[in-house]
Amino acid sequence: MLRIQQPPAADTVYRFVMTRRTKIIIGAAAVLLAGGATLGLTRRDKDVTPVTFGKVQRLDITSKVSSNGRIDAKRKVDLSANVMGQIINLAVREGDVVKKGDFLLQIDQKQLAASAQGAAASLQALFSDRDAARANAAEAHRNYERAQKNYGDKIVPLADMERTRSLLDAANANVAAIERRIDQARANLAAASDFLSKTTMRAPMEGIITALPIHEGEVAVIGTMNNPGTKLLTIADMSVVEAVMQVDETDIPSVKVGEHANVTIDAYPNKTFSGTVTEVGSSPITQNGQQQGGQAVNFEVKIQIESPPPGVRPGFSASADIITGTRTKAIAIPIQALVVREKKGEGAGKPQDEEGVFINNGGTVKFAPVKTGLSGDSNIEILSGLKAGQQIVTGPFRALREIKDGSKVKEQKGGPGGPQHG
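How each quantity is defined
Residues numbered from 1 in each chain as written. Predicted model: local features only at pLDDT ≥ 70, side-chain atom pairs only at ≥ 80, totals over all residues. Heavy atoms only, no water. Patch = residues over 30% accessible without salt bridge, like charges linked within 9 Å, V, L, I, M, F, W, Y side chains within 5 Å. Areas by Shrake-Rupley, 256 points an atom, 1.4 Å probe, with all protein chains shown as cover. Salt bridge = Lys/Arg side-chain N within 4 Å of Asp/Glu carboxyl O. Buried < 20%, exposed > 50% of the residue type's maximum accessible area, 1.4 Å probe, protein only. Phe/Tyr/Trp six-rings, centres within 6.5 Å; stacked < 30°, edge-to-face > 60°. Lys NZ or Arg CZ within 6 Å of the ring centre and 35° of its normal. Helix = DSSP H or I, 4+ residues; strand = E, 2+ residues; numbered from the N terminus. Pairing = 2+ DSSP bridges. Core = buried A, V, L, I, M, F, W, Y, C linked by side-chain atoms within 4.5 Å. Contact = heavy atoms within 4.5 Å.

S.K.: I'd like to hear about a nonpolar patch on the surface, residue by residue, with values.
M.R.: Taken together, Met84, Val219, Val221 and Ile222 make up a surface patch of nonpolar side chains, about 350 Å² in accessible area. Judged by relative accessible area, Val219 falls into the partly exposed class, the value being 48%.

This is the structure:
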């Protein structure tokens, strides 16, 4: 029987069998399309710099200068030998509390006592010489008056009267000379007595013996032009204590007398003492009167501590934060957001620098010059150029160096972005 094959209906679905070659071609095309899309995305991301953002905020800013130094007494005295001799009696020890006038030590005074006694004896001998000279002068005066009367009566010649006048003048001159020698002897006796008194040393003020470098039996030597005398001891009045700090030359212009300071003493951990700046050095700290080349230049600043702890001693290590200024609710930004760049301008000359920040405007940044004020630990005051709430670029440092006006940016994933609090 003959079978006639009918053509397929219009709605018949054909099943095509794809060959291996067809699969490879389609796969390759898909890879090329995906690669082209990735390359386009990479090119777009290459022009976008990942950064971190922060906001301009109103914050309380405290500017301070930190420094290190030591504790010292505001009033102290170093006692040195004024006479040479052996120390035969040492009545104090280091750490003793003394009052004004207390006996401290005795230097051998035998030789100086003998000198004083000799000066006193010389003075007494001159007193006897003066008495004899005055008697001679009185006799010469009487002889002159007698000769003058006899000359008036024409009993003696003129020559005899003039001779008695000369003897009177010589006697008066002898009395005057002895008076001058007496003055000299008195001065010698005063000097000898003064040297003798300096063999006994007493406390010139109330305080604590903070240094006692000598021992009983040693010989005290007086100072000369090139060699200092023997330092006997140091008395310090620890009722008024100050911190003597070394402040760097870059910070010294902002430090003023009367500013408040917070002082910490290593010997008293976890405690802070209030103080006031009482003195700001005008000359740099030197060694042996000379500034060493290549070393940092520091100035001495003294801070009086209001309530020093009991038992504090000179030489304790200390550090201080000197408050140089405060601002309440000031417009501020993180310090790391501040950029310094060369100012664009016309004309020749030395290029000028300007400070500013990069403001984010929908993914595009613009450089805004600013005027700064006080600097805190992590924030800096903005006097002009920004408003509170503006979003600015805060980092990273490399990105802040590379971006320019009009650069495209995006927030760095995993970065510290967000507002910076201070």
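S.K.: Can you break down the packing of aromatic side chains residue by residue, with the values?
M.R.: What describes a pair of aromatic rings is the distance from one ring centre to the other and the angle between the planes of the rings. With the rule as written, the count across this model stands at three aromatic pairs. Each ring, one from Tyr268 and one from Phe273, has its centre 6.3 Å from the other, and the planes form 85 degrees; the classification is edge-to-face. Neither Tyr268 nor Phe273 differs from the other in exposure class; each is buried. An angle of 65 degrees between the planes, with centres 5.3 Å apart, marks the rings of Phe358 and Phe367 as edge-to-face. Like Phe367, Phe358 is buried. Members of the aromatic cluster, joined through ring pairs, are Tyr268, Phe273 and Phe316. The ring of Phe367 is capped by Arg341, whose NZ or CZ atom sits 3.6 Å from the centre of that ring.

S.K.: So what about the pattern of salt bridges? Which residues, and what values?
M.R.: Throughout the structure, instances matching the rule amount to 17 salt bridges. Where Lys149 meets Asp153, a salt bridge forms, and the shortest distance between an N and an O atom there is 3.4 Å. For the salt bridge of Arg186 with Asp183, the shortest nitrogen-to-oxygen distance reads 3.9 Å. Taken together, the positions of Arg186 and Asp183, both in helix H3 (residues 158-197) and three residues apart, correspond to about one turn of that helix. What makes Asp183 partly exposed here is its relative accessible area of 37%. Look at the salt bridges and you will find they share partners, linking Lys64, Asp321 and Asp377 into a network.

S.K.: Talk me through the pairing of strand S3 (residues 85-90); I want residue IDs and the actual numbers.
M.R.: Moving residue by residue along a regular strand, the side chains alternate between the two faces of the sheet. Pairing analysis gives two bridges linking S3 to strand S8 (residues 219-220), with the strands arranged antiparallel. Looking across to S8, one finds that Gly85 is bridged to Ala220. Where S3 meets strand S5 (residues 103-107), three bridges bridge the pair, whose relative direction is antiparallel. Within S5, the residue paired with Leu90 across the bridge is Leu105.

S.K.: Can you tell me about the nonpolar core, naming the residues and giving the values?
M.R.: Counting residues in each nonpolar core, the largest one holds 27 residues, and the members touching the most others are Ile71, Val263, Ile265, Val301, Ile303 and Ile322. Counting residues per element, the ones that place at least two in this core are strand S2 (57-80), strand S9 (231-248), strand S10 (260-265), strand S11 (273-284), strand S12 (298-305) and strand S13 (317-334). Residue contributions to this core peak at six residues, all from S9. Beyond its immediate sequence surroundings of up to four residues, Val301 is in contact with Ala243, Val244, Met245, Val247, Ile252, Val255, Val277, Glu279, Val280 and Ile322.

S.K.: Talk me through the environment of Pro204; I want residue IDs and the actual numbers.
M.R.: One can find Pro204 in the loop between strand S6 (200-202) and strand S7 (207-211). For Pro204, a relative accessible area of 35% puts it in the partly exposed group. Taking the C-alpha atoms as reference, Pro204 lies 8.3 Å from Asp102; in sequence the two are 102 residues apart. Once you skip the residues sitting within four places of it in the chain, Pro204 turns out to touch Val77, Leu79, Lys100 and Ile235.

S.K.: How would you sum up the pairing of strand S17 (residues 371-375)? Please name residues and give values.
M.R.: Relative to strand S18 (residues 379-384), S17 runs antiparallel, the two being bridged by three bridges. In the sheet register, Lys371 faces S18, and the bridge partner there is Ser384. Between S17 and the antiparallel strand that follows it, S18, lie three residues.

S.K.: Describe in detail the environment of Ile222, supporting the description with residues and values.
M.R.: Looking at the secondary structure, you find Ile222 in the loop between S8 and S9. By relative accessible area, which is 37% here, Ile222 ends up partly exposed. Along the backbone, Ile222 and Asn82 are 140 residues apart, and their C-alpha atoms lie at a distance of 5.5 Å. In contact with Ile222, not counting residues within four places along its chain, are Ala81, Asn82, Val83, Met84 and Gly229.

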